[in-house]
Amino acid sequence: MSTLDSFRLDGARALVTGASRGIGRAVAVALAQAGARLALTARTGEALKATAEQVGALGGPALLVPGDLAVGGEPGRVVDQAAEALGGLDVVVHNAGILPTLPDGSPLLAPLQLLPQAAWDEVVAVNLNATAALCRHAHPHLAASGSASLVLMSSVAGVIGAPLMEAYAASKAAQISLARSLAVGWARQGIRVNALCPGWTRTDMTSFAHTNGPVNDWLLAHVPLGRWADPQEVAAAALFLASPAAGYLTGQALLLDGGVSVPDGGLAGIPKPPSPFAVS
Ligand SMILES: NC(=O)c1ccc[n+]([C@@H]2O[C@H](COP(=O)([O-])OP(=O)(O)OC[C@H]3O[C@@H](n4cnc5c(N)ncnc54)[C@H](OP(=O)(O)O)[C@@H]3O)[C@@H](O)[C@H]2O)c1
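Not measured: the values here are computed from a predicted model.

Residue-level account of the pairing of strand β6 (residues 191-198), with values.
Of all eight residues in β6, eight are buried, a share of seventy percent or more. The two faces of β6 match: Ile191, Val193, Ala195 and Cys197 on one face and Arg192, Asn194, Leu196 and Pro198 on the other face are all buried. Handedness of the strand β5 (residues 148-153)-helix α5 (residues 166-186)-β6 crossover: right-handed. With four bridges connecting them, β6 and strand β7 (residues 253-256) associate as parallel partners. When the bridges of β7 are listed, Cys197 appears paired with Leu255.

Spelled out as structure tokens, the structure:
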């Protein structure tokens with residue numbers, strides 16, 4: 001197999017969660033471009049169909065398994081239906097995730113001491129408990145594959161301090177921990193497990209920031225590359241982790257954050273550093 005071909009997933013049976021929009025939709029398209037056969041899940045059936053149309057134009061039809069992963073029993077049903085229809089599972093990209101939200105759907109950014117317990121519980125239910133349930137149910141199918149990859153969509157927030165986003169950050173850190181433990185535990189069963197940690201990516205989840213000029217400018221000043229990630233760039237990394245190209249890569253947290261997590265990376269956003277840091 002050529003190096004370039006090792007990025008392909010021809011015939012691989014893949015489940016993508018949170019595939020109705022944003023990063024998940026881009027991941028579904030990328031895996032389909034690489035030749036994978038897909039099962040897609042999210043709560044919103046209509047939006048899932050729109051993803052399926054994009055995927056279908058690239059190859060075979062995608063199986064749609066709508067469901068709310070935060071509801072008990074749903075992760076198992078979704079995984080088992082996907083595996084049954086595809087004849088097994090070789091790749092799972094578990095991407096579904098949430099920020100705490102206000103009733104109108106906008107993000108609830110508040111320090112821990114002001115965050116209602118119900119908001120904490122909601123985030124943990126989706127980002128952590130559903131992740132554990134999904135991994136548990138995916139395990140027998142991935143073990144049967146013989147050469148499988150599980151990718152958990154974490155966040156740079158899971159490795160840096162993220163004030164006002166403590167619930168989200170803690171749940172994303174837990175996903176990284178889970179990926180590491182599962183990677184070691186499942187390695188001899190032919191299952192690689194990695195966490196992918198994007199930085200600020202332009203999606204519905206972050207529209208509160210990229211549609212607000214002052215917030216957008218302040219935020220990008222703290223991103224060394226000085227711009228938002230495109231969902232397609234995150235999808236490319238997910239494809240890499242899912243593919244044989246990453247065959248010796250397991251238990252890692254891959255940071256795709258424009259440099260945000262580099263110590264003192266924030267200095268890149270300061271146009272003229274004061275003395276004694278100024279260099280001509
Ligand atoms: N955007 C960023 O800057 C960024 C940065 C780092 C990490 N991430 C992570 O990347 C992932 C995708 O983020 P995104 O920006 O693409 O967000 P998004 O546009 O809000 O999409 C989130 C996806 O998750 C699904 N989802 C949410 N709750 C669900 C539930 N209870 N059951 C099933 N599906 C559910 C949504 O579908 P339905 O609403 O149809 O259910 C949607 O497909 C998340 O895990 C997020 O934490 C995002």
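Report on the layout of surface pockets, specifying residues and quantitative values.
Put simply, the second largest pocket is a space of about 340 Å³. Looking at the second largest pocket, it is lined by 21 residues, and the ones nearest its centre are Ser147, Ala148, Gly190, Arg192 and Gly247. Where the lining of the second largest pocket is concerned, the elements lending two or more residues are β5 and β6. Grouping the amino acids of the lining of the second largest pocket by side-chain chemistry returns ten nonpolar, seven polar and four charged.

Before we move on, can you summarise the nonpolar core with the specific residues and values?
Formed by 33 residues in total, the largest nonpolar core has its most connected members in Leu9, Val27, Leu31, Leu38 and Leu40. Elements supplying a minimum of two residues to this core: β1 (13-17), α1 (22-33), β2 (37-41), α2 (45-56), β4 (91-94), β5 and α8 (231-242). The contacts of Leu40, once residues within four sequence positions are left out, are Val16, Ala19, Ala28, Leu48, Thr51, Ala52, Val55, Ala62, Leu63, Leu64 and Val65. The next biggest cluster of nonpolar side chains, apart from the first, holds 30 residues, and it includes Ala130, Ala138, Ala148 and Leu150.

If you had to explain the site of the ligand to someone new, which residues and values would you point to?
Close to the ligand lie 31 residues; Arg21, Arg43, Thr44, Tyr168 and Thr203 are nearest. Interatomic distance of 2.8 Å between a backbone N/O atom of Ile23 and an oxygen atom of the ligand. Residue Asn95 places a main-chain N or O atom 2.8 Å away from an oxygen atom belonging to the ligand. Relative to its free-state accessible area of 880 Å², the ligand is covered by the protein chains to the extent of 97%. Taken together, the elements giving at least two residues each to the shell around the ligand come down to α1 and α5. When the residues that make up the shell around the ligand are grouped by side-chain class, the tally is 13 nonpolar, 13 polar and five charged.

Explain the sheet that holds β5 residue by residue, including any values.
Within a beta sheet, neighbouring strands are joined by backbone hydrogen bonds and run either parallel or antiparallel to one another. Spatially, β3-β2-β1-β4-β5-β6-β7 is the arrangement adopted by the seven strands of the open sheet, whose pairing is parallel. Each end of this open sheet is capped by a strand with a single partner; those strands are β3 (63-64) and β7. Against the sheet, α2 makes contact with β2 and β3, and its axis sits at roughly 165 degrees relative to β2, the strand it touches most. Set on the sheet, α5 makes contact with β4, β5, β6 and β7; between it and β6 the angle comes to about 160 degrees.

Residue-level account of unusual backbone geometry, with values.
Here Leu164, not a glycine, exhibits a phi torsion of approximately 75 degrees, which is positive. Topologically, Leu164 is positioned in the loop between β5 and α5.

Any details on the packing of aromatic side chains? Residues and values, ideally.
Counted according to the given criterion, the structure contains two aromatic pairs. Considering the side-chain rings of Trp200 and Trp228, the 6.0 Å spacing of their centres and the 80 degrees angle between planes classify their relative orientation as edge-to-face. Placement of Trp200 in the loop between β6 and α6 (207-210) and of Trp228 in the loop between α7 (213-220) and α8 is noted, with a sequence separation of 28 residues between them. The class for Trp228 is buried, based on a relative accessible area of 5%.

Now, about α8: what can you tell me, with residues and values included?
Its twelve residues give α8 an end-to-end C-alpha distance of 16 Å, which sits within 8% of 16 Å, the value for a rise of 1.5 Å per residue. Along α8, the residues classified as buried are Pro231, Val234, Ala235, Ala237, Ala238, Leu239, Leu241 and Ala242. Residues of α8 that are buried sit in contact with α1, β4, β5, β6 and β7. If you check the start of α8, you find a side-chain oxygen 2.8 Å away from the backbone N of Gln232, and it comes from Asp230.

The rules behind each value
- Residues numbered from 1 in each chain as written.
- Predicted model: local features only at pLDDT ≥ 70, side-chain atom pairs only at ≥ 80, totals over all residues.
- Heavy atoms only, no water.
- Buried < 20%, exposed > 50% of the residue type's maximum accessible area, 1.4 Å probe, protein only.
- Helix = DSSP H or I, 4+ residues; strand = E, 2+ residues; numbered from the N terminus.
- Right-handed = clockwise from strand over helix to strand, strands pointing away.
- Pairing = 2+ DSSP bridges.
- 1 Å grid on protein atoms, 1.4 Å probe; cavity = no way out; pocket = protein on both sides within 12 Å on 5 of 7 lines; lining within 4 Å.
- Points joined across faces, edges and corners; volume = space filled by probe spheres on them.
- Nonpolar A, V, L, I, M, F, W, Y, C, P; charged D, E, K, R; others polar.
- Core = buried A, V, L, I, M, F, W, Y, C linked by side-chain atoms within 4.5 Å.
- Contact = heavy atoms within 4.5 Å.
- Near = heavy atom within 4 Å.
- Polar contact = N/O pair within 3.5 Å; in protein donor to acceptor, adjacent residues only side chain to side chain.
- Areas by Shrake-Rupley, 256 points an atom, 1.4 Å probe, with all protein chains shown as cover.
- Axes fitted to C-alpha atoms, helices over the stretch in contact; angles between N-to-C directions.
- Phe/Tyr/Trp six-rings, centres within 6.5 Å; stacked < 30°, edge-to-face > 60°.
- Expected span 1.5 Å × (residues − 1).

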